[in-house]
Amino acid sequence: MKGKRILLGISGGIAAYKCCALVRLMVKAGAHVQVVLTPDAAEFVSPLTLSVLSKNRVLSAFSTQDGQWNNHVDLALQSDLLIIAPATANTLGKMANGLCDNLLLATYLSAKCSVMFAPAMDLDMHEHPSVKQNIKQLISYGNHLIPAESGELASGLVGAGRMAEPETIMQHIVNYFDGDKKLKGKQVLVTAGPTYEAIDPVRFIGNHSTGKMGLAIATAFAAQGAEVILICGPGVQQLSNNSNINRIDVIAASEMHQVCVHHFKKADITIMAAAVADYKPAQAATQKIKKKGENLIIDLLKNPDILQDLGTKKTAKQLLIGFALETQNELEHAKDKLKRKNLDAIILNSLNDKGAGFGGDTNKVTFIFKSKKNKALPLMSKQMVAETLVVEVVKLME
Ligand code: PMT
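Our subject in this report is the structure included herewith. Quantities reported herein were computed from a predicted structural model and do not represent experimental measurements. (Residues numbered from 1 in each chain as written. Predicted model: local features only at pLDDT ≥ 70, side-chain atom pairs only at ≥ 80, totals over all residues. Heavy atoms only, no water.)

A few points about the overall build of the protein chain
The following threshold applies: In this description a helix means any DSSP run of H or I spanning at least four residues, a strand means any run of E spanning at least two, and both kinds are numbered starting from the N terminus. For the radius of gyration, the atoms used are the C-alpha atoms, and the globule rule reads 2.2 Å times the number of residues raised to 0.38. Relative accessible area decides the class of each residue, using a 1.4 Å probe on protein chains only: under 20% of the type maximum gives buried, over 50% gives exposed, and in between gives partly exposed. For the purpose of counting charges, residues Lys and Arg are taken to be positive, whereas Asp and Glu are taken to be negative. His and the chain ends are not included. Just so you know, the charge point we use is NZ for Lys, CZ for Arg, CG for Asp and CD for Glu.
Tallying secondary structure elements over the protein chain gives 13 helices and 22 strands in all. Against the 2.2 N^0.38 benchmark of 21 Å for 398 residues, the protein chain shows a C-alpha radius of gyration of 24 Å, consistent with a compact globule. Seen through its C-alpha atoms, the protein chain measures out along the principal axes to roughly 85 × 50 × 35 Å. Across the 398 residues in the protein chain, those meeting the buried criterion constitute 49%. Separation of charge centres in the protein chain, based on 44 positive and 36 negative side chains, amounts to 5 Å.

Written out as structure tokens, the structure reads:
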């Protein structure tokens, strides 16, 4: 982070006081910090305090008192990263809709650098569909969400809406800069989502994977300059356009296998987050199977194990990382897969951990490396898991 120019935009919420600690952490790490306050933010945290901590002038209006213009275009263009924390419901709404009635919003709209935003508000506001929609909208524009955390709020209510702690925000920043340029030009292959194995034209064997984990991984690698081939099973949500991600949609495991093998040859790094069906119906009926009798027996055939196959093809220059989704003897099974499939690392998630695995926006994982080192992470957003994975992959490449 040394020498990086970070623009910290603070909007008017009680969490603004936490920005003093955040500014200190950034300055200590060697960053050059420029603070921009919305007019309301100055009610919550003193510009003087922020100026002392950032060792810099604090800006909040389009012009200074002696009539000089605070040039928002220059501010935006000269920065390596813009962080908006706390991002109140009001500021989020304006950012999502292109409104621009203060210096911070004008700077945001002019920014060419990456933008991170850390929402902070009361829990009912945070749950409101319009706020959720605004957050979604901002993510779709390529902004990076630092999710609000759960806990006691200033109102005395308990729930989600607290701004992430300064240390957590700092971790996002470090993750962002740590991978800086190190993945430029790297080819990354990522799989996401389930596979569907046809029983007949209307039914299939599938699982609960939504592809969120794989999408987060693809996005995190692309954000660090990698060129990502993202192979998605059915039902995985569309990502906003990202020129670094080339998405290929498949349905069944056999199709995913074929596409993976084709792209694997060129991949420097492969991460298999898809939940591939281990078995498929021996024969998919060509017409809808009609209801007859009390039982229906379907013969199942083993699908190819894609990851294991790639493990046999892997060269010394390639990194191959799998996931293990377990429900019992988790570590033992994951270590067995690591070895059997010839992987450099495996990411274990267990359905016994609340908030981990399918569907949600969070996961709780343990990285298990070939070197026998383990790294257990607490429950965190899938986005954060993905960013931590990027950092670990960069270390493995070194
Ligand atoms: O998609 P989400 O809703 O966000 O959920 C994320 C997730 C739970 C799907 C993800 O975190 C995860 O754990 N993915 C792997 C699920 C799985 O199939 O695990 P497994 O232990 O059965 O398989 C081990 C590894 O082998 C995986 O990397 C899998 O992609 C791969 N595999 C498995 C079977 C098969 N026939 N071919 C494979 O390549």
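Details of the sheet that holds strand S17 (residues 319–326)
Either a parallel or an antiparallel arrangement is found when strands of a sheet pair, and the pairing is made through backbone hydrogen bonds. For clarity, the threshold we go by: Strands are labelled as partners when DSSP assigns at least two bridges between them. To obtain each axis, a line is fitted to C-alpha atoms, and for helices this fit is confined to the stretch in contact; angles are then taken between N-to-C directions over 0 to 180 degrees. Contact criterion: two residues are considered in contact whenever any of their non-hydrogen atoms come within 4.5 Å of each other.
With respect to topology, 8 strands assemble into an open sheet ordered S13-S12-S9-S14-S17-S18-S20-S21, the strand pairing being mixed. Both outer strands of the open sheet, strand S13 (245–249) and strand S21 (374–376), are each paired with one neighbouring strand and no more. Averaged over all neighbouring strand pairs, the angle between strand axes comes to 15 degrees, with direction disregarded. The pairing of strand S9 (residues 187–192) with strand S14 (residues 269–272) spans 4 bridges and is parallel. Its bridge partner lying in S14, leucine 189 is registered against threonine 270. Sheet strands touched by helix H11 (residues 306–313): S14 and S17. Its angle to S17, the strand with the most contacts, is close to 155 degrees. Contacting S17, strand S18 (345–350), strand S20 (365–369) and S21, helix H12 (residues 330–340) runs over the sheet at an angle of about 150 degrees to S18.

Points about a nonpolar patch on the surface
Going by this rule: Here, patches come from residues exposed beyond 30% relative accessible area and free of salt bridges, joined within 9 Å for like charges and within 5 Å for nonpolar side chains (Val, Leu, Ile, Met, Phe, Trp, Tyr). Each accessible area is a Shrake-Rupley result for a 1.4 Å probe, and residues are judged covered by the shown protein chains and nothing else. Each salt bridge in this description consists of a side-chain nitrogen of Lys or Arg and a carboxyl oxygen of Asp or Glu lying within 4 Å of one another.
Nonpolar side chains collect at one region of the surface, where Tyr279, Leu296, Ile298 and Leu300 lie side by side and expose about 380 Å² of accessible area between them. With respect to the element layout, leucine 300 can be found in strand S16 (residues 300–302). Given the relative accessible area of 44%, leucine 300 is considered partly exposed.

Points about the site of the ligand
So the rule is basically this: Nearness is judged by heavy atoms alone; a residue qualifies as near a molecule or strand once a single heavy atom is within 4 Å of it. Each polar contact in these results corresponds to two N or O atoms within 3.5 Å; when the atoms are within protein, one needs to be able to donate a hydrogen and the other to accept it, and residues that are neighboring in sequence are counted only if both atoms are side-chain atoms. The definitions used throughout rest on a 1 Å grid laid over the protein atoms alone, on which a cavity is an enclosed set of points accommodating a 1.4 Å probe that cannot get out and a pocket is an open set flanked by protein within 12 Å on both sides along at least five of seven lines; lining residues are those having an atom within 4 Å of a point. By definition, a pocket or cavity contains a molecule when more than half of the molecule's atoms lie within 2 Å of the pocket's grid points.
Lining the immediate surroundings of the ligand are 28 residues, of which Ser209, Thr210, Ala274, Lys337 and Asn349 lie closest. Between lysine 212 and the ligand, the recorded distance is 3.2 Å, taken from a backbone N or O atom to an oxygen atom. The fraction of the free accessible surface of the ligand (780 Å²) that becomes covered by protein chains is 96%. Placement of the ligand is best described as lying within the second largest pocket.

What about the layout of surface pockets?
Just so we agree on the cut-off: Grid points are joined across faces, edges and corners, and a volume is the space filled by probe spheres set on the points. Here the nonpolar group is Ala, Val, Leu, Ile, Met, Phe, Trp, Tyr, Cys and Pro; Asp, Glu, Lys and Arg are the charged ones; every other residue, Gly included, is treated as polar.
Considered as a void within the structure, the second largest pocket measures approximately 900 Å³ in volume. Lining the second largest pocket are 39 residues, and of these Ala274, Ala275, Val276, Asp278 and Leu325 lie nearest its centre. When contributions to the lining of the second largest pocket are tallied by element, the ones reaching two or more residues are S9, helix H9 (212–223), H11, S17 and H12. For the lining of the second largest pocket, a count of residues per class yields 17 nonpolar, 14 polar and 8 charged.

Scope: geometric values only; no functional claims are made or implied.
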